[in-house]
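Residues per chain, in single letters:
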Amino acid sequence: MAATVATPVNPTELESDLCGSEEEKHAAGPGEESSPQQMTGPAAAAAATHGRLSKLPLARIKALMKTDPDVSLASQESVFIIAKATELFVEMIAKDALVYAQQGKRKTLQRKDLDNAIEAIDEFAFLEGTLD
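Keep in mind it's a predicted model, so treat the numbers as computed, not measured.

Cut-offs and rules
- Residues numbered from 1 in each chain as written.
- Predicted model: local features only at pLDDT ≥ 70, side-chain atom pairs only at ≥ 80, totals over all residues.
- Heavy atoms only, no water.
- Helix = DSSP H or I, 4+ residues; strand = E, 2+ residues; numbered from the N terminus.
- Buried < 20%, exposed > 50% of the residue type's maximum accessible area, 1.4 Å probe, protein only.
- Contact = heavy atoms within 4.5 Å.
- Areas by Shrake-Rupley, 256 points an atom, 1.4 Å probe, with all protein chains shown as cover.
- Salt bridge = Lys/Arg side-chain N within 4 Å of Asp/Glu carboxyl O.

Asker: Provide a residue-level description of the overall build of the protein, including the pertinent values.
Answerer: What the protein contains, in helices and strands, is six helices and zero strands. Classification of the 132 residues of the protein by burial places 15% in the buried group. Of the contacts made within the protein by residues no fewer than 6 positions apart, 32% connect residues no fewer than 24 positions apart. Approximately 10600 Å² of the protein is accessible, and the part contributed by carbon and sulfur atoms is 58%.

Written out as structure tokens, the structure is:
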């Protein structure tokens, strides 16, 4: 019978490829644990939200969904899907607008950057004329 050897694996090594920035990965120094109870400031806030699947407040999303007169009930799964889709949409349009900000040698997104992204990218055609 073959013997198996268990090798300890650091959980941060497994998750490093999945999510988080380099700054978050190395927020705790070598040999330090990165538990939210021990950290303070922005690193603690990042660690506390690290486990969340959605960055948007689901209760607020659900409240917004219920403002539609056709919606009487919203399941937890549907609220999560809407929140995740919204996050991905905002991320996509922000990245595209960032290109225009960088072309203008700026680090701050401005409305004209969003307008340029909406005009240039076909997927955003449904937004044309809505920011007037």
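Asker: Any chance you could break down the side chain of Asp 113 for me, citing the residues and the numbers?
Answerer: On the secondary structure map, Asp 113 appears in helix H6 (residues 111-120). Residue contacts for Asp 113: discarding those within four places in its chain leaves Ala 97, Tyr 100, Ala 101, Arg 106 and Thr 108.

Asker: Could you give an account of the pattern of salt bridges, with specific residues and numbers?
Answerer: Here the structure, examined in full by the defined rule, presents four salt bridges. The partner of Arg 106 in a salt bridge is Asp 113, with the nearest N and O atoms 2.8 Å apart. For Asp 113, a relative accessible area of 1% corresponds to the buried category.

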